[in-house]
Amino acid sequence: MKEFRNPQNVHQPLGAYSHQVEISGNERILILSGQVGMREDGAVPDDPIEQIDVALENIFRNLQAANMGVENIIKLTYYLVGEIDTAKRRELVASKLNGHKPCSTLLYVAALASPVYKVEIEAWASADKNG
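Residues numbered from 1 in each chain as written. Predicted model: local features only at pLDDT ≥ 70, side-chain atom pairs only at ≥ 80, totals over all residues. Heavy atoms only, no water.

Undergrad: Can you explain the environment of S104? Please cite residues and give values.
TA: Positionally, S104 belongs in strand β5 (residues 103–109). Distance from S104 to E83, taken between C-alpha atoms, is 18 Å for residues 21 residues apart in sequence. Those residues in contact with S104 that lie beyond four places of it in its chain are K75, L76 and Y78. (Helix = DSSP H or I, 4+ residues; strand = E, 2+ residues; numbered from the N terminus. Contact = heavy atoms within 4.5 Å.)

Undergrad: For the sheet that holds β5, give the residues involved together with the corresponding values.
TA: Strands sit in the order β1-β2-β3-β6-β4-β5 across an open sheet of six strands; the sheet is mixed. Two strands in the sheet have a free side with no partner beyond their single neighbour: β1 (2–5) and β5. Across this sheet, the average inter-strand angle for adjacent strands is 10 degrees, counted without regard to direction. Relative to strand β2 (residues 20–23), β1 runs antiparallel, the two being bridged by four bridges. Within the sheet, the bridge partner assigned to F4 lies in β2 and is V21. Along the sheet face, helix α1 (residues 48–65) touches β2, β3 (27–36), β4 (73–81) and β6 (119–128) and points at about 150 degrees away from the line of β3. (Pairing = 2+ DSSP bridges. Axes fitted to C-alpha atoms, helices over the stretch in contact; angles between N-to-C directions.)

Undergrad: Help me get a handle on the pattern of salt bridges, residues and values and all.
TA: Tallied over the full model, the rule gives six salt bridges. Residues E3 and R5 are paired through a salt bridge, measuring 3.4 Å at the closest nitrogen-oxygen approach. R5 sits in the buried class, given a relative accessible area of 18%. A salt bridge links K96 to D53; the nearest nitrogen and oxygen atoms lie 2.8 Å apart. Of this pair, K96 sits in helix α2 (residues 86–97) while D53 sits in helix α1, placing them 43 residues apart in sequence. A residue is classified by how much of its surface remains accessible, and D53, at 26% relative accessible area, is partly exposed. Where salt bridges share partners, they join E3, R5, E22 and R28 into one cluster. (Salt bridge = Lys/Arg side-chain N within 4 Å of Asp/Glu carboxyl O. Buried < 20%, exposed > 50% of the residue type's maximum accessible area, 1.4 Å probe, protein only.)

Set out below in structure tokens:
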């Protein structure tokens, strides 16, 4: 069974997509649309490191809405526009993931959906059917 959702605690989608789809069976798989650094009120910080922080918080809110946590993340894909301080990015991500180390891909791209976005992060998560 597939259930597409847009949690109330994440900004509404800006186009034809859902923030998440959950696939049920013996294992629940949660696939999130790319999350940008947009706050619930629609504000987007200028600083790309702050955009990473906000995008990860949006991922965590999506996980919470699916009764999952950071430990359920199995894959993160980062899309970055322009140079972003690698040391600061790694430090922030490590602190947000609290020791969890999911599979990860990082791509530098020419642009995202709007020039204000410097970061987009996709996530996949998985949990036991009962948890």
